[in-house]
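Residue-level structural notes
Residues per chain, in single letters:
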Amino acid sequence: MELKKIGELITSNRILLGPGPSNYDPRVMKAMTSPLISHLDPEIYPILDETVELLKYLFKTKNEVTLPMSGTGTAGGETAFTNVIEQGDKAIVCLNGFFSERNIEMIERCGGEVIRIDAEWGKPIDIEEIERTLKANPDTKILSMTHGETSTGVLTPLEEVGKFCSQTSTLFVVDAVPTLGGMDVDVDGWNIDICYSGTQKCLSAPPAMAPITFSQKAIDVIKNRKTKIQTLYLDAIELMRHWGKERKYHHTLPIIMIYALREALRIIYEEGLEERFKRHEEVSQLLKTHLTDMGFKLFAQEGYRLPMLTAVELPEGLSEREIITKLLKEYNIEIGGGFGKLAGKLLRVGLMGYSCSKQNVYYLISALKEIMS
Ligand SMILES: *Cc1c(COP(=O)(O)O)cnc(C)c1O
């Protein structure tokens, strides 16, 4: 077998403007070339602690149980649900796209019984329906919500729902995979009990880890479980024995990925949250203006549009596949198409973290104009 070098197989430096991964800062790449040491070496402890501190800053939380789970955003979801859902537990799931649909799958695999609250894809969830459903089901264990639906570009505000949940025993569980690091995710201020994300979207680190945080209310629920958590790997209390003061082995932490995440978080800290959110908002507005000027219609309802992911409807006669393939092959730009039942009908452009720049917007718009002329 004659194996080629990676450099011969991967020949392009893609501009990643899809729904994730995003490009990362060269500083993140450099951090990954630091020497590997063990996850139990005392020299690694400050790195672990600083990573946790930076995550608390980003999540705007004082939650003691805050850490990056090993695995991607999906592992964050599995960690959230597996820790709190037991056989027969009721879970209200708000649905308006592919990712929120998938939460049902994860909850049912834990033995949960799902009550659906559906909104049309492209629209936010009706807050009053959430309040009604929660009142009618006071024994609900969790309410699951997707902050940013990457499949449609819809943003669902969380603050009010958090308020309802905080007056009940229900835990408010939020998927902030694409939103964390690109817009405000105020875990404590919005009464979120479990919030999870991923590193390869607005954090601009490689896909590998899932930042997650648990409120004291969530930890109390976990400690009062009737049955053991069915997986050892995702057990938050056991994980904390390594990430917390005890430093007890749980699993071999992916140290190189933690170097990368810590560097990405340092970059965020240096930029400042407000500045970073403003950049995402402004660059996204520039993209949306150009796309609508070109005649595209924004898919998400006005007032509920994500800054980091813009979905536009494809006019009749244009092929999603053709545009995406040409952008990739001729311009080195990756964007996304429609997902699930929207396959073939949308273009989805991500402007996340390091990829979120005016320069990238101008380049993409010029390329699109050439392709369509
Ligand atoms: C990307 C994404 C996920 C899944 O994350 P992976 O890193 O692909 O596992 C979950 N939810 C939303 C809303 C996402 O955008």
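Our structure's up above, just so we're on the same page.
Thresholds applied
Residues numbered from 1 in each chain as written. Predicted model: local features only at pLDDT ≥ 70, side-chain atom pairs only at ≥ 80, totals over all residues. Heavy atoms only, no water. Pairing = 2+ DSSP bridges. Helix = DSSP H or I, 4+ residues; strand = E, 2+ residues; numbered from the N terminus. Phe/Tyr/Trp six-rings, centres within 6.5 Å; stacked < 30°, edge-to-face > 60°. Lys NZ or Arg CZ within 6 Å of the ring centre and 35° of its normal. Axes fitted to C-alpha atoms, helices over the stretch in contact; angles between N-to-C directions. Contact = heavy atoms within 4.5 Å. Near = heavy atom within 4 Å. Polar contact = N/O pair within 3.5 Å; in protein donor to acceptor, adjacent residues only side chain to side chain. Areas by Shrake-Rupley, 256 points an atom, 1.4 Å probe, with all protein chains shown as cover. Nonpolar A, V, L, I, M, F, W, Y, C, P; charged D, E, K, R; others polar. Expected span 1.5 Å × (residues − 1). Buried < 20%, exposed > 50% of the residue type's maximum accessible area, 1.4 Å probe, protein only. Core = buried A, V, L, I, M, F, W, Y, C linked by side-chain atoms within 4.5 Å. Salt bridge = Lys/Arg side-chain N within 4 Å of Asp/Glu carboxyl O.

1. Things to note about the sheet that holds strand β15 (residues 346–350)
- If you trace the four strands from one edge of the open sheet to the other, you get β11-β12-β15-β14, paired in antiparallel fashion. Looking at strand neighbours, the two that pair on one side only are β11 (297–298) and β14 (336–337), the edges of this open sheet.
- As defined by bridge partners, β14 adjoins β15 across two bridges and the pair is classed as antiparallel. In the sheet register, G337 faces β15, and the bridge partner there is L347.

2. A short note on the packing of aromatic side chains
- Summed over all chains, the structure comprises five aromatic pairs.
- One aromatic cluster is present, formed by F98, F99 and F339 through successive ring pairs.
- Seen from the ring of Y45, R247 lies directly overhead, with NZ or CZ sitting 4.3 Å from the centre.
- Looking at R348, its charged tip hangs above the ring of F339, at a distance of 4.9 Å from the centre.

3. Remarks on the sheet that holds strand β8 (residues 171–175)
- Within the open sheet, the seven strands sit side by side as β2-β10-β9-β8-β5-β3-β4. Their pairing is mixed. Each end of this open sheet is capped by a strand with a single partner; those strands are β2 (65–70) and β4 (113–118). The sheet shows a mean angle of 20 degrees between the axes of neighbouring strands, taken without regard to direction.
- Of the strands in this sheet, β2, β8, β9 (194–196) and β10 (209–214) touch helix α8 (residues 216–223), which is tilted by about 90 degrees from β10.

4. Considering the site of the ligand
- Surveying the vicinity of the ligand reveals 13 residues, the closest of which are T72, T74, T150, D175 and K201.
- Between G73 and the ligand, the recorded distance is 3.0 Å, taken from a backbone N or O atom to an oxygen atom.
- For the ligand, the protein covers 88% of the area, taking 380 Å² as the surface of the free molecule.
- Taken together, the elements giving at least two residues each to the shell around the ligand come down to α4 (73–84) and α5 (98–109).
- Broken down by class, the residue content of the shell around the ligand amounts to three nonpolar, seven polar and three charged.

5. Section: the environment of P21
- With respect to the helices, strands and loops of the structure, P21 is situated in the loop between β1 (15–16) and α2 (26–31).
- It is 22 Å that separates the C-alpha atoms of P21 and L253, two residues lying 232 residues apart in sequence.
- Beyond its immediate stretch of four places on either side in the chain, P21 contacts L16 and Q200.

6. Focus: helix α3 (residues 45–59)
- In this model α3 runs 21 Å from its N-terminal to its C-terminal C-alpha over 15 residues, within 8% of the 21 Å that 1.5 Å per residue would give.
- Regarding α3, the residues found buried are I47, L48, T51, V52, L54, L55, K56, L58 and F59.
- Its buried side turned inward, α3 meets β2, β9, β10, α9 (236–243), α10 (255–271) and α11 (273–293).
- Directly after α3, the chain includes K60, whose backbone phi takes a positive value near 55 degrees.

7. Regarding the nonpolar core
- Core analysis: the largest hydrophobic core is formed by 76 residues, its most contacted members being I142, L143, F172, F214 and W243.
- In terms of residues, this core owes the most to one element, α3, which gives seven residues.
- Sequence-distant contacts of L143, defined by excluding residues within four places in its chain, comprise I92, C94, I130, L134, V161, C165, T170, L171, F172 and V173.
- Judged by nonpolar contacts, the second largest core, of 26 residues, contains I15, F296, V312 and I333.

8. What to know about the pattern of salt bridges
- Within the structure shown, the criterion is met by 25 salt bridges.
- Of the charged contacts, one joins K297 and E313 as a salt bridge, the two residues approaching to 3.5 Å between their closest N and O atoms. Highlighted residues: K297 in strand β11 and E313 in strand β12 (residues 309–313), separated in sequence by 16 residues.
- Judged by relative accessible area, E313 falls into the partly exposed class, the value being 28%.

9. Examining the side chain of S144
- Mapped onto the elements of the fold, S144 is located in strand β5 (residues 142–146).
- With relative accessibility at 1%, the residue S144 sits in the buried group.
- Ignoring anything within four residues of it in the chain, the contact list for S144 reads F81, I92, V93, C94, N103, I107 and V173.

10. Focus: the pairing of β15
- Of all five residues in β15, five are buried; the element is thus mostly enclosed.
- Neither face of β15 is open: one carries L346, R348 and G350, the other L347 and V349, and all of them are buried.
- In terms of strand pairing, β12 meets β15 through five bridges, oriented antiparallel. Bridge pairing in β15 places A311 opposite R348.

11. Section: the environment of A260
- Here A260 is to be found in helix α10.
- Along the backbone, A260 and E131 are 129 residues apart, and their C-alpha atoms lie at a distance of 41 Å.
- For A260, the contacting residues outside a window of four places in its chain are V28, M32, A205 and P206.

In short, the description is geometric, and any link to function would need to be established separately.
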